[in-house]
Structure formats: C-alpha cells, structure tokens
Amino acid sequence: MAEVKYVVFSLGEQRYGIKLDKVNGIEEDYVISASHYESNDIKGIIHLRNMIIPVFDLKRKFGLVGRDNTKARGIILTEIHGYNLAIEVDRVVGIYEVDSQRDINPMPKVVCNSDNKCLVEVMNINDAVKNNDVVVNISVDKLLTNNQMQELSEALEKKN
C-alpha cells in the first residue's frame, strides 16, 4: 500500500487536490495587488515573507468565475519551474492520506483537452464532509502553458 498525502481544497462545490510535497505553505491573511500582467490566469501579486509572489486564479482557468458567490479565503503556496506561485482557493478542506493504488485513478481521457492538462488524476476520499467524494488532482507543473511560463518568467525577472 503506497500512501500519498494531498492538500484538498474547494472551488465552489468541487474539490481539488495537490500533492502535499508540492505545497510550501497555506495562507489565509493576504492582500492581492494588481499586477497588470497580461495573462487572465494571474490575478495579481502578494507580498509575503519578503517575496513578491504572483497569484494564480484557478476559477478563471476553469471558467468558474461568476458561478457562485463564494469569496476566496485562502492561498496555497507552491513552486512552478523554479518560481514561487500562490494559488487562490475558496477554502482549504484538509490534508488527506490516500492509498495511491486503490483510491487514485488517471483522469479519464474523454474530459481531457489542451486547456486542462493540469487535471491529472481523480481521487476518491471518504470523510465527514462528503462521503465517496471525487477529488480532481492537479499537477502544479502543468498549470501554466509554455507561453504563460515564458511571459511570467520575463515579467518576474524585470521586477528583480
């Protein structure tokens, strides 16, 4: 049995997961400043621990903006290709340890396309919130397209 830990969070009613080893921290108290960055998926920037960190908006990426009135209440800090990145979420649900052989399956190919390559697995978890809940696992390394990564890299290097 291979146990893997995931940080599970919600965007509206749907829950998502990121492998815990890809998470550098979770914050609830933050202020997002406008960045005037060209990508629609970058919401702005935050100043945290003497670093300027871009904030990625998963709701925009997944087309969930305007579907609910849930106010984002957290960010998950991660790193993508050597750059710090904050991912804004509605709520961090918790950390779950799951059996990777029994409870995790590849994302069905029928729902995969070029816009959602970051959705890599489907995980089944049982908890007090939702029994037999399906959680979609995200690969943070695939969140940004190659063009977005290049633009972000150039924008961050200009600031330094």
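Residues numbered from 1 in each chain as written. Predicted model: local features only at pLDDT ≥ 70, side-chain atom pairs only at ≥ 80, totals over all residues. Heavy atoms only, no water.

Chemist: Looking at this structure, I do not really get the overall build of the chain. What am I missing?
Modeler: Across its full length, the chain holds 2 helices and 11 strands. Written out in order from the N terminus, the α and β elements of the chain read β-β-β-β-β-α-β-β-β-β-β-β-α. Across the 160 residues in the chain, those meeting the buried criterion constitute 47%. Pairs at least 24 residues apart make up 58% of the contacts formed inside the chain by residues separated by at least 6 positions. Here the chain displays about 9300 Å² of accessible surface, and carbon together with sulfur accounts for 45% of that area. (Helix = DSSP H or I, 4+ residues; strand = E, 2+ residues; numbered from the N terminus. Buried < 20%, exposed > 50% of the residue type's maximum accessible area, 1.4 Å probe, protein only. Contact = heavy atoms within 4.5 Å. Areas by Shrake-Rupley, 256 points an atom, 1.4 Å probe, with all protein chains shown as cover.)

Chemist: Help me understand the sheet that holds strand β2 (residues 14-19) in this model?
Modeler: Sheet strands associate in pairs through backbone hydrogen bonding, adopting either a parallel or an antiparallel arrangement. The 6 strands lie next to each other as β8-β1-β2-β11-β10-β9, forming an open sheet whose pairing is mixed. In the strand order of this sheet, the two ends are held by β8 (91-99) and β9 (104-106), each with one partner. When the angles between neighbouring strand axes are averaged without regard to direction, this sheet yields 35 degrees. Bridge analysis of strand β1 (residues 3-11) against β2 gives 6 bridges, and the strand direction is antiparallel. Bridge pairing in β2 links F9 to Y16. (Pairing = 2+ DSSP bridges. Axes fitted to C-alpha atoms, helices over the stretch in contact; angles between N-to-C directions.)

Chemist: Sorry, what's going on with the environment of L11 here?
Modeler: Here L11 is to be found in strand β1. Taking relative accessible area as the criterion, L11 reaches 3% and is therefore assigned buried. With 81 residues separating them along the chain, L11 and V92 place their C-alpha atoms 9.4 Å apart. When sequence neighbours within four positions are dropped, the list of residues in contact with L11 reads Y16, L58, K59, F62, L64, E88, V89 and D90.

Chemist: Mind showing me how you'd approach unusual backbone geometry here?
Modeler: Glycine aside, negative phi is the norm for most residues, and most peptide bonds take the trans geometry. At R49, a residue that is not glycine, the phi angle is positive and equals roughly 50 degrees. If you trace the backbone, R49 turns up in the loop between β4 (42-48) and β5 (51-57). Non-glycine residue N50 carries a positive phi angle of around 60 degrees. Position of N50 among the secondary structure elements: in the loop between β4 and β5. Residue class for N50 comes out exposed when judged on its relative accessible area of 73%.

Chemist: I tried to follow the sheet that holds β5 on my own but got confused; where do I start?
Modeler: Strand order in the open sheet made by the 5 strands is β3-β6-β7-β5-β4, with mixed pairing throughout. What marks the edges here is a single partner per strand, and that holds for β3 (23-27) and β4. Here the strands of the sheet are splayed against their neighbours by 30 degrees on average, with no regard to which way each runs. The pairing of strand β6 (residues 74-80) with strand β7 (residues 83-89) spans 7 bridges and is classified as antiparallel. When the sheet's bridge partners are listed, G74 is paired in β7 with V89.

Chemist: How should I be thinking about the environment of P108 in this particular structure?
Modeler: Relative to the helices and strands, P108 resides in the loop between β9 and β10 (119-125). Spatially, the C-alpha atom of P108 lies 8.8 Å from that of V120, the residues being 12 residues apart in sequence.

Chemist: What's the story with the confidence of the model for the chain in this structure? I'm lost.
Modeler: Low pLDDT marks stretches whose predicted atomic positions should not be read closely. For the chain, per-residue confidence averages 82 on the pLDDT scale, and 82% of positions sit at 70 or higher. Put simply, helix α2 (residues 146-159) is where the chain has its lowest mean pLDDT, 71, and β3 is where it has its highest, 94. (pLDDT = per-residue confidence, 0-100.)

Chemist: Just to check I follow, could you spell out the packing of aromatic side chains for this structure?
Modeler: Where two aromatic rings form a pair, the distance of their centres and the angle of their planes describe that pair. Evaluation of the coordinates by the stated rule reveals 2 aromatic pairs. Ring geometry for F9 against Y16: centres 5.8 Å apart, planes inclined by 25 degrees, an arrangement best described as stacked. Among the residues examined, F9 registers a relative accessible area of 0% and is labelled buried. According to the relative accessible area criterion, Y16 is buried, its value standing at 8%. Ring centres of Y16 and F62 lie 5.4 Å apart, and the angle between their planes is 25 degrees; this geometry places the pair in the stacked category. Here Y16, found in strand β2, pairs with F62, found in the loop between α1 (58-61) and β6; they are 46 residues apart in sequence, far enough to count as distant. Through pairs of rings, three or more aromatic residues link up here, namely F9, Y16 and F62. (Phe/Tyr/Trp six-rings, centres within 6.5 Å; stacked < 30°, edge-to-face > 60°.)

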